[in-house]
Amino acid sequence: MPHVSRRTFVRGVAASPAFAMLPGGAPAAAAPSVPLKLATVPAPDRVALRWLEGKPTSGIGNTWGVPWPKGALAPTESFALTAADGAAVPVQTWPIAYWPDGTLKWSAHAIPADAPLAETYTLTHGGSNTAAAAPVTVVERRERITVDTGVIEVAVERRGSALISSITRGGTEIARNLRLISLRQTKIEDLRSSAEPLTSTIKSVKVEQRGPVRAVIRIDGTHQRRGRSWLPFTVRLYFYSGAEHVRMMHTFILDTDGSSEFIAGLGVRAGVPMRDALYDRHVRLSGDGDGLLREAVRGITGLRRDPGATVRAAQIAGEKLADPATWDQRVTTRLELIPAWGDYTLSQHSSEGFTIKKRTKPGYGWVGADSGQRAGGFGYVGGVTGGLGFGMRDFWQRHPSQLDLRGAAGDEAEVTVWMWSPEAGPMDTRFYHDGMGQDTYAEQLQGLEITYEDYEPEFGTPYGIARTTELTFWALAATPPAATLAALARTVATPPQLVAPPEHLASSGAFGGLFAPVDRSTPARAKIEDRLDFLFKYYRDQREQRHWYGFWNYGDVMHTPDVDRHVWRYDVGGYAWDNSELSPDLWLWLAYLRSGRADIFRFAEAMTRHTGEVDVYHLGKWAGLGTRHGVLHWADSAKQQRISTAAYRRIYYFLTADERCGDLMRELVDSDRTFLALDPLRKIRTEPYTPDPHALSIGLGTDWSGLAAAWLTEWERQGPKAGLAQQKLLATMRTIARMPNGFVTGSGLYDIDTGEFAEAAKTVSVSHLSAMFGQVEICAELIGLVDVPGFEQAWLQYCRLFNATKAEQAAECGANFGNLILKQGHSRLTAYAAVRLGDAALAARAWQEFTGTDGYTDASPWQTTRREGPEVLNPVDEASWVDTNTTALYGLAAIQNLALIGDRLGS
């Protein structure tokens with residue numbers, strides 16, 4: 001298809017059928033004709049890209065996404081990449097989202113591991129791409145799939161327990177039999193109870209991408225032993241041209257209720273052939289920062305008899321030693337008398353400490369080597385003829401974690417990266433109280449009034465939650481120098497990421513145009529920017545000072561502080577872990593989009609990884625629903641769309657093209673069926689209600705916005721259910737529009753087959769929460785994408801009236817909305833209506849609502865208080881007036897108001 005640099009559309013008439021083609025040129029399913037609202041915006045000729053944290057010291061390949069304006073580029077657009085010095089860089093490109101006319105909305109790109117490293121790159125469209133020096137090749141056979149990166153060859157099995165049967169480099173086998181392992185224990189408090197080992201069993205293998213720069217293989221299976229199967233997993237293996245490593249994304253789902261069987265260990269294990277003399281075998285474990293434990297299996301340093309300074313220096317450097325005949329013969333004649341240390345363990349059982357121990361072999365005692373605070377999660381075992389580097393991202397943040405080396409003094413060493421350390425004891429996922437006296441809905445609602453916890457028996461289950469972990473394995477030709485190993489450890493901890501600048505992200509129209517680059521051009525703007533910076537820094541510092549880390553917790557933040565104990569209310573009902581309440585995820589992502597700050601990106605990334613996996617059910621009767629905030633991430637009985645919503649995953653997905661994040665959003669396309677399994681309003685209904693698939697009661701706020709986000713994402717990605725998603729999205733928009741009071745109606749009866757809401761009476765039911773879980777952002781995107789007559793008017797009515805006077809509400813809707821709160825957060829709705837309607841009075845009102853109603857104002861302290869000594873456990877910088885609800889809404893309102901009506905702010 002020829003390059004399309006600029007296209008013009010007539011409002012109300014589509015230039016081409018909506019999503020006329022699927023990726024690869026396959027015809028899309030028949031879909032209703034959709035009038036488009038597309039601007040005539042040209043695509044920029046070039047986009048400048050940079051590394052998020054600056055140029056890395058070594059390349060490992062990279063994948064990223066770039067947005068494009070409506071109607072600007074053909075879906076099959078070609079791209080070229082050049083480094084800052086003009087050198088051509090091989091790049092693989094594929095589409096990950098389309099505009100409704102079929103033009104390209106988001107492109108994904110990948111570069112090789114051996115690409116030239118530069119501070120910046122330039123991406124151009126319509127040009128010719130240079131070929132990779134050694135393209136990735138994927139060969140599929142019945143038994144296995146073989147991937148060759150040009151440096152290493154990896155055999156991926158289709159059945160059995162080994163995901164990877166071998167990794168070779170230059171004909172030398174570096175690793176073999178890489179498999180998953182878990183330890184299952186049925187008694188958590190009996191220290192004599194033994195753990196049953198289970199190992200991975202492959203069920204399916206699929207090649208998702210086959211090069212030439214990037215290849216991806218997906219493996220699904222479970223852990224099995226003696227007929228017992230548990231912990232279903234999905235593993236993706238990533239390969240880049242010119243790479244000496246394999247990247248692994250490991251996801252498991254907890255398919256137990258958490259009360260009768262427990263994970264006592266969860267890891268990835270591989271064998272490493274050991275070919276070299278014991279004194280030429282090396283062990284490396286990363287510690288704090290760039291620190292490394294550097295030892296040989298048979299060390300010759302520190303002996304009473306000195307083999308020679310040159311020999312000692314070579315061993316420490318990991319180099320091949322000279323012939324022992326050249327050493328001091330008092331050492332070499334009885335080398336076997338020097339112990340060979342075959343086993344090592346690094347255990348990180350908290351965010352504040354790790355220990356390293358070693359022993360010669362099983363049956364003999366452990367010797368403490370050292371300890372430190374935060375290990376990098378990287379290790380190496382091998383020798384001068386090659387070895388395996390291995391690492392786990394977020395190693396100390398996800399404690400308890402562990403690295404094990406076993407048998408390094410034998411013919412084959414065994415490496416285990418433990419995502420859950422077996423030395424930490426079984427994972428305790430049991431509910432934390434007995435719910436005494438909360439047997440009826442009435443009693444549970446009374447408990448909600450007291451502790452803010454929505455309790456219901458048997459609802460606080462972890463069954464169906466998940467966790468995803470990133471691991472990397474390097475097939476190294478020889479033991480690398482210390483500086484190289486330290487660089488690999490840094491890569492494990494913070495993988496390099498290419499990004500487009502905020503200016504391009506904003507000008508492309510991505511994500512509804514609700515953000516603009518940071519602008520401090522006036523004192524009034526600078527004041528708001530300073531406050532946004534203050535709030536992010538406060539949460540970043542609180543995570544550190546309050547130790548918001550751990551396997552299930554890392555990525556989330558707390559909900560509300562306890563001003564008396566000077567802690568967050570970690571143990572009080574619904575005030576503890578936030579679980580995306582009032583959209584902190586969106587606040588952080590919009591803060592990144594407008595600033596390009598690496599620290600915000602990484603904070604938001606960790607939150608997305610957490611909230612999309614841990615706070616959402618992926619199996620069982622509540623699959624597709626998330627859990628409201630609480631002491632445990634799965635404790636609260638409010639299982640709702642507002643937490644699982646794809647609105648919280650979309651931004652990370654499109655910036656990184658991360659397949660796992662894509663899975664999470666695709667899981668939600670059919671989540672309207674969860675309303676058959678669970679009624680969100682069951683505790684407060686006054687009339688009998690039985691879910692009817694043709695008349696499901698679904699809220700037009702937190703429920704519909706979650707469904708709409710999933711449908712929109714599947715539609716624009718043109719996934720396997722895109723036709724159904726499009727049908728339901730447009731049907732709900734059309735039938736909401738025909739309701740006499742639109743969104744103000746509050747809820748409707750939904751037909752799961754047609755996607756339509758039934759005719760509704762002119763009623764008023766407005767909640768302060770309805771629009772606060774991604775609805776503002778999703779509606780803005782939808783209005784910018786398609787014309788559905790009356791939908792925009794229905795949304796603008798809600799935006800205009802939420803913060804209006806009761807008299808204005810009643811005059812238009814027949815009744816007022818009651819006593820509403822969160823007016824500062826809703827000021828961005830007023831601002832949106834002001835822009836769409838061209839109403840200066842509404843713009844002025846929006847700024848008054850932002851600065852002069854509830855939430856954070858000029859009267860807020862905007863500073864922290866240092867607390868130390870006996871009133872706190874650890875020294876902390878406290879801002880007791882800050883809570884996450886208010887912070888998220890202040891952040892979103894500030895960002896969106898500045899983008900929409902910043903010109904009305906004044907000086």
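Conventions and cut-offs
- Residues numbered from 1 in each chain as written.
- Predicted model: local features only at pLDDT ≥ 70, side-chain atom pairs only at ≥ 80, totals over all residues.
- Heavy atoms only, no water.
- Helix = DSSP H or I, 4+ residues; strand = E, 2+ residues; numbered from the N terminus.
- Rg over C-alpha atoms; globule rule 2.2 N^0.38 Å.
- Buried < 20%, exposed > 50% of the residue type's maximum accessible area, 1.4 Å probe, protein only.
- Contact = heavy atoms within 4.5 Å.
- Areas by Shrake-Rupley, 256 points an atom, 1.4 Å probe, with all protein chains shown as cover.
- Lys, Arg positive; Asp, Glu negative; His and termini not counted.
- Charge placed at Lys NZ, Arg CZ, Asp CG, Glu CD.
- Salt bridge = Lys/Arg side-chain N within 4 Å of Asp/Glu carboxyl O.
- Axes fitted to C-alpha atoms, helices over the stretch in contact; angles between N-to-C directions.
- Parallel < 35°, antiparallel > 145°, perpendicular 65-115°, else oblique.
- Left-handed = near helix turned anticlockwise from the far one by under 90°.
- Nonpolar A, V, L, I, M, F, W, Y, C, P; charged D, E, K, R; others polar.
- Pairing = 2+ DSSP bridges.
- Polar contact = N/O pair within 3.5 Å; in protein donor to acceptor, adjacent residues only side chain to side chain.
- Core = buried A, V, L, I, M, F, W, Y, C linked by side-chain atoms within 4.5 Å.
- Phe/Tyr/Trp six-rings, centres within 6.5 Å; stacked < 30°, edge-to-face > 60°.
- Lys NZ or Arg CZ within 6 Å of the ring centre and 35° of its normal.

Trainee: How do you make sense of the overall build of the chain when you look at a structure like this?
Mentor: Assigned secondary structure in the chain consists of 20 helices and 36 strands. For the chain, whose C-alpha radius of gyration is 29 Å, the value lies close to the compact-globule estimate of 29 Å for 907 residues. The dimensions of the chain, computed from C-alpha atoms along their principal axes, are 100 × 70 × 60 Å. Out of the 907 residues belonging to the chain, those deemed buried represent 60%. Long-range contacts, defined here as pairs at least 24 residues apart, represent 68% of the contacts in the chain between residues at least 6 apart. With the model as given, the accessible surface of the chain reaches about 32,700 Å², and the carbon-plus-sulfur share is 51%. In the chain, the 94 positive side-chain charges and the 102 negative ones have mean positions that sit 4 Å from each other.

Trainee: Which parts of the structure should I look at to understand the pattern of salt bridges?
Mentor: When the charged atoms of two side chains lie near each other, side chains of opposite charge can form a pair. A full pass over the atoms with the stated rule returns 74 salt bridges. Between Glu-261 and Arg-228 there is a salt bridge; the shortest N-O distance is 2.6 Å. Linking Glu-261 in the loop between β16 (245-253) and β17 (262-273) with Arg-228 in strand β15 (residues 228-240), this pair joins segments that are 33 residues apart in sequence. In this structure Glu-261 comes out as buried when scored by relative accessible area, which is 9%. The salt bridge partner of Glu-781 is Arg-650, with a shortest N-O separation of 2.7 Å. With Glu-781 in helix α15 (residues 775-785) and Arg-650 in helix α10 (residues 650-656), this pair connects stretches of sequence that are 131 residues apart. In this structure, Glu-781 and Arg-650 share a single accessibility class: buried. Sharing partners across several salt bridges, the network here consists of Arg-520, Asp-530, Asp-533, Lys-537, Arg-540, Asp-541, Arg-597 and Asp-599.

Trainee: Is there a simple way to think about the packing of helix α18 (residues 823-837) against helix α20 (residues 884-901) in this case?
Mentor: Two measures define how a pair of helices packs: the angle their axes make with one another and the distance between the axes. With their axes 8 Å apart at the nearest point, α18 and α20 run at an angle of 20° to one another. Comparing the axis directions of α18 and α20 gives the class roughly parallel. Judged by the sense of rotation from one axis to the other, the crossing of α18 with α20 is left-handed. Note on element contacts: α20 touches α18 through Leu-889, Tyr-890, Leu-892, Ala-893, Gln-896, Asn-897, Leu-900 and Ile-901, opposite Gln-824, Gly-825, Ser-827, Arg-828, Ala-831, Tyr-832 and Val-835. The residue makeup of the contact of α18 with α20, split by class, is nine nonpolar, five polar and one charged.

Trainee: Explanation requested: the sheet that holds strand β4 (residues 88-89) in the structure shown.
Mentor: To summarise the sheet geometry, strands pair through backbone hydrogen bonds and adopt either a parallel or an antiparallel arrangement. With antiparallel pairing, the five strands of this open sheet are ordered in space as β4-β3-β7-β1-β28. The open sheet has two free edges, formed respectively by β4 and β28 (498-499), since each of these has just one partner strand. Sheet topology places strand β1 (residues 46-51) next to β28; two bridges connect them, and they run antiparallel. When the bridges of β28 are listed, Trp-51 appears paired with Leu-498.

Trainee: For this particular structure, what's the right way to read the side chain of Ser-827?
Mentor: Within the secondary structure, Ser-827 sits in helix α18. Judged by relative accessible area, which is 0%, Ser-827 ranks as buried. Within the structure, the side chain of Ser-827 is placed 2.7 Å from the backbone oxygen of Gln-824, a separation counted as a polar contact. A polar atom in the side chain of Ser-827 sits 3.1 Å from the side chain of Asn-897. In this view, Ser-827 contacts Asn-803, Ala-846, Glu-849, Phe-850, Ala-893 and Asn-897; residues no more than four positions away in its chain are not counted.

Trainee: Would you mind showing me how to read the sheet that holds strand β6 (residues 104-111) here?
Mentor: On the basis of which strands lie adjacent, the open sheet formed by three strands has the order β2-β6-β5 and antiparallel pairing. Sheet topology places β2 (62-67) and β5 (92-98) at the edges, where each strand pairs with a single neighbour. Taking the axes of each pair of neighbouring strands and ignoring which way they run, one obtains an average angle of 25° across the sheet. Sheet topology places β2 next to β6; six bridges connect them, and they run antiparallel. Bridging across to β6, Asn-62 finds its partner in Ile-111. In the packing of helix α13 (residues 702-717) onto the sheet, contacts are made with β5 and β6, and the angle to β5 comes to roughly 135°.

Trainee: I'm lost on the nonpolar core in this one. Help?
Mentor: Generally speaking, a soluble globular protein has its nonpolar side chains buried in company with each other. The biggest cluster of nonpolar side chains holds 162 residues, and the ones touching the most others in it are Trp-704, Phe-743, Phe-791 and Trp-795. Looking at which element gives the most residues to this core, the answer is α20, with nine residues. Setting aside chain neighbours within four positions, we find Trp-704 in contact with Ile-698, Gly-699, Thr-732, Met-733, Ile-736, Phe-743, Phe-757, Gln-775, Cys-779, Leu-782 and Phe-791. Counting residues in each nonpolar core, the second largest holds 78 residues, with Val-156, Leu-285, Ile-356 and Leu-405 among its members.

Trainee: Any chance you could explain the packing of aromatic side chains here in plain terms?
Mentor: By convention here, two paired aromatic rings are described through the distance between centres and the angle between planes. On inspection of all chains with the given rule, the structure shows 48 aromatic pairs. Ring geometry for Trp-795 and Tyr-798: centres 5.7 Å apart, planes at 5°, overall stacked. Here Trp-795 and its partner Tyr-798 are both found in helix α16 (residues 791-801), three residues apart, which amounts to about one turn of the helix. Among the residues examined, Tyr-798 registers a relative accessible area of 3% and is labelled buried. Three or more aromatic residues joined by ring pairs make a cluster, and in this case those are Phe-534, Tyr-538, Tyr-539, Trp-548, Trp-568, Trp-587, Trp-847, Phe-850, Tyr-856, Trp-862, Trp-881 and Tyr-890. Positioned over the ring face of Trp-396 is Arg-374, at 3.9 Å from the centre of the ring.

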